[in-house]
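Survey of secondary and tertiary structure
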Amino acid sequence: SSGINAEWPLRPGKMGSRKINFGKINLPSNDVKCNNDESAPSGFGTLEKTGNQDDNKNQSPSIDAPKKNIQKHAKSYDVDEMMAKFREKMENSKLDDLKTKTEANVDMSSIMGFSSFHTSSKAKPNPKAERIPPKQKLSTEILDKTSKKSVSNDESVAESDSDSDEEEGDEDNPLKSLPISHEITLQHSQKVVSALALDPAGARLVSGSHDYDVKFWDFNAMDSRFGSFRTIQPMECYPIRSIEYSTTGDCILVASGSAQAQVLNRDGSQTYECKKGDQYIVDMTKTKGHIASLYNAVWHKKDRNMFMTCAADCTVRLWDVNDIMTQKTVIKLKGRDGKKISPTHAIFNNDSSMIAVSTMDGALSLFPYKGPFIRPKLTHKTAHMPGTETSCLKFSCDGFRMLSRGGDDTMKLWDIRAFKEPVLVAENLENAYMGTDCWFSPDEKLVMTGTSIKQGSGELVFLDTVTFAEVYRYPVGESSVCRVLWHPKLNQIVVGCSNGRVKVYYSPELSFRGAKLCAAKPRRRQVKNNDLPVGLQEKVITPYSLPMYRENKHLFAKRRRERDRRDPIKSSAPDKPAYGLDAHKTKGCSMSAYVSKQLALDNHGPPAQEEDPREVLLRYADACEKDPYWVAPAYGPDSKNVYQKVTEDTPDEEPPSKKPMYFYQK
């Protein structure tokens, strides 16, 4: 830097007109050598010391010295020399580190009782061994070590790359991600398992069948016998069509062959039941509910109080649990010719902003959730073959892709942003059952469906989502696949078969909880009488546990009156009349028998059952001969014949309308 003298005047005040000098840096022009020649080395130049530089260090710059005309020149630096100094400094620091480490090791050896980790305690220390090698030898050793470390690092990197390649290969292999290595079998019934549902947590499984039963399975409480803990019949004599848990898992929506959907709580008790409509009303929007059998029912994805049903009365209805006596919205479906058409399946998308409906004519329609419902927003009239039942619709997580499982043995992937044509089509997938499902895998890299055959064994078919190429086929046994479910949290596959069995497939490495809990539990041992001690094999009688020995608890007056009313002795209730074929065997009798019995007793005669009817009639034979009043005068000698009088107005012949007609052929 050049000489600088900064003198700024201050405002007049206490300090007066005194000036402050920041100092002056004086560089004598004769002592500084600047390489301004053309032969100077390129770069920043070289640093050169002057002879008078040390003398000027002790000299403080004079404030009042006169200013000199000093020319400003750029300094030049030698980069090679700077780098050489830096390397030398680094080597010296490494030598210092090695020296401190050896001293520390010597101190530790003296403390622990031996001179060195590599030499015996009797060996004398070698003073030459403690000498530090020269710089060049140390630098070569360091380079060798670093080269060896680099080689070992390269080998480890190569090994890690090979391991990562193998892991990536395993991840890319779709068969490694299928949880089908193990299975358990749950016996529901002997008929088709037509409905399956798993709660969001994956703790309970609910299955429905054509035998009208709904069974509850708890994975946490089951042992290796795999028995259900509850069986109910929500709709008597109606097969179960669909079952679904709510988003919170506290309610179950059940749709059956009846026209009324039911909402059950977690334990299977009925909470709500939809209203049934009037079948004599033509306009379906005027009825309060469905009038034909249901096909399926689904919950709203965001509102826990809303759900949707579709039925064979050509309508899709939205319901609110808070007002279950009537539907909230009615969607009437029409076919290609403008006539009403029956739906086969209806679902919400992931954010419940759209409603997707499939109909019997093979069409797919998309309605906005908030309406209007006069006509669909998107429709494809030839999505599947007309006259076939589209059994399932399923949306992906992004909400743009949709799967449709058709009754024409196909499965198609659609993009609702370009709904004119399907993106991918898979054929030769047999579908003989109207409830066959299709699912995306949890990572949406695969698509799964089942095949249902009238005679033969069904299979689970896994396809690639990008190309729809068949990845794997897994046979499920000597039955068809009617229902399929792939739980994203458990990563387990549940299959409902046509022989009444429910199969749960899982993998010990890929799956989480669920069937893994009950598969490892041993069966509970049933204690028999032979296993008990001798004193406990006989029956234990506790007489004070009988009702006659119990003390009467204090009851309120209302409860006491209700209990006395049910007691026939205290209430002096008469015997109830008997009805049916076995009425004469019972103690009671009908009202007519009681009245006739009382009339007979009033006449002071014996009961009619104890007398001979012939004898009773012969009692009146003499009285009839003496006083024939009713029958004898009509047939006696004094009787007169009475005939109809014929007048002129009486026609001789019957009218032509009453005469028989005869037809003759010539």
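See the structure shown above.
Residues numbered from 1 in each chain as written. Predicted model: local features only at pLDDT ≥ 70, side-chain atom pairs only at ≥ 80, totals over all residues. Heavy atoms only, no water.

**Notes on the overall build of the protein chain**
Using the following cut-off: Helix and strand assignments come from DSSP, with helices taken as H or I runs of at least 4 residues and strands as E runs of at least 2, each series counted from the N terminus. Relative accessibility thresholds used throughout: buried, under 20% of the residue-type maximum; exposed, over 50%; partly exposed, between the two (1.4 Å probe, protein chains only). Contacts: residue pairs with any heavy atoms within 4.5 Å of one another. Accessible areas in this description were obtained via Shrake-Rupley with a 1.4 Å probe; residue shielding takes into account the shown protein chains only.
Counting its regular elements, the protein chain contains 10 helices and 30 strands. When burial is assessed residue by residue, the protein chain has 31% of its 666 residues classed as buried. In the protein chain, the proportion of contacts linking residues at least 24 apart, taken out of those at least 6 apart, comes to 48%. Carbon and sulfur atoms make up 53% of the accessible area of the protein chain, which amounts to about 46,500 Å² in all.

**Observations regarding the environment of Trp-439**
The criterion, for reference: Polar contact is defined as a pair of N or O atoms within 3.5 Å, subject to the rule that within protein one atom must be able to donate a hydrogen and the other to accept it, and that residues adjacent in sequence are counted only when both atoms are side-chain atoms.
With respect to the secondary-structure elements, Trp-439 resides in strand 24 (residues 438-440). Through-space distance from the C-alpha of Trp-439 to that of Gly-450 is 9.8 Å; in sequence the pair is 11 residues apart. The residues touching Trp-439, leaving out its near neighbours within four places in the chain, are Lys-394, Leu-403, Leu-446, Val-447, Met-448, Val-484, Leu-485 and Trp-486. In terms of polar contacts, Trp-439 uses its side chain to reach the backbone carbonyl oxygen of Val-484, at 2.9 Å.

**Quick notes on the packing of aromatic side chains**
Operational definition: In this analysis, rings of Phe, Tyr and Trp, with Trp reduced to its six-membered ring, are considered paired at centre separations within 6.5 Å, and the interplanar angle assigns stacked below 30 degrees, edge-to-face beyond 60, and tilted for intermediate values. When the NZ atom of lysine or the CZ atom of arginine is within 6 Å of a ring's centre and also within 35 degrees of its normal, the charge is said to sit over that ring.
In the structure shown here, the tally under the stated rule is eight aromatic pairs. Each ring, one from Tyr-474 and one from Tyr-505, has its centre 5.3 Å from the other, and the planes form 85 degrees; the classification is edge-to-face. Remark: Tyr-505 occurs in strand 30 (residues 501-506) and Tyr-474 occurs in strand 27 (residues 470-475); sequence separation between them is 31 residues. Pair check on accessibility: Tyr-474 and Tyr-505 agree, each one buried. By the ring-pair criterion, three or more aromatic residues cluster together here, those being Trp-299, Phe-307 and Trp-319. A cation over an aromatic ring shows up here: Lys-394 above the ring of Trp-439, its NZ or CZ 4.0 Å from the ring centre. The ring centre of Phe-400 lies 4.2 Å from the NZ or CZ of Arg-417, which sits over that ring.

**Quick look at the environment of Thr-379**
Secondary-structure assignment places Thr-379 in strand 19 (residues 378-380). Thr-379 sits in the partly exposed class, given a relative accessible area of 39%. With 16 residues separating them along the chain, Thr-379 and Ala-363 place their C-alpha atoms 7.2 Å apart. At 3.3 Å, the side chain of Thr-379 forms a polar contact with the backbone oxygen of Leu-364.

**Brief notes about the nonpolar core**
Test applied: In plain words, nonpolar cores are sets of buried Ala, Val, Leu, Ile, Met, Phe, Trp, Tyr and Cys residues tied together by side-chain atoms within 4.5 Å.
The biggest cluster of nonpolar side chains holds 29 residues, and the ones touching the most others in it are Met-308 and Ile-355. For this core, the secondary structure elements donating two or more residues are strand 12 (294-299), strand 13 (306-311), strand 14 (315-320), strand 16 (343-348), strand 17 (354-359), strand 18 (364-368) and strand 20 (392-395). Sort the elements by how many residues they give to this core and strand 17 lands first, with four residues. Apart from the residues within four sequence positions on either side, Ile-355 is in contact with Met-308, Leu-318, Ile-331, Ile-347, Phe-348, Ser-365, Leu-366, Phe-367 and Tyr-369. Within the second largest apolar cluster, 18 residues are counted, among which are Leu-198, Phe-226, Val-502 and Cys-518.

**Observations concerning the sheet that holds strand 9 (residues 251-256)**
Heads up, the rule is: If DSSP finds at least two bridges between two strands, the strands pair. Fitting a line to C-alpha atoms yields each axis, with helices limited to the stretch in contact; the angle taken between N-to-C directions then spans 0 to 180 degrees.
The strand order across the open sheet formed by four strands is 8-9-10-11, and the pairing between neighbours is antiparallel. At either margin of the open sheet sits one strand with a lone partner, and together these are strand 8 (240-245) and strand 11 (270-273). In this sheet, neighbouring strand axes are inclined to one another by 20 degrees on average, regardless of whether the strands run parallel or antiparallel. Two strands pair when backbone bridges link them, and strand 8 and strand 9 are joined in this way by five bridges, in the antiparallel orientation. Paired with Ser-242 across the two strands is Ala-255, which belongs to strand 9.

**Comments concerning the side chain of Arg-204**
Looking at the element boundaries, Arg-204 is found in strand 5 (residues 204-209). The exposure class of Arg-204 is buried, given its relative accessible area of 14%. For Arg-204, the side chain forms a polar contact with the main-chain oxygen of Arg-266, separated by 3.3 Å. Discounting chain neighbours no more than four positions away, the residues touching Arg-204 are Ala-197, Leu-198, Asp-199, Trp-217, Asp-218, Phe-229, Tyr-245, Arg-266 and Asp-267.

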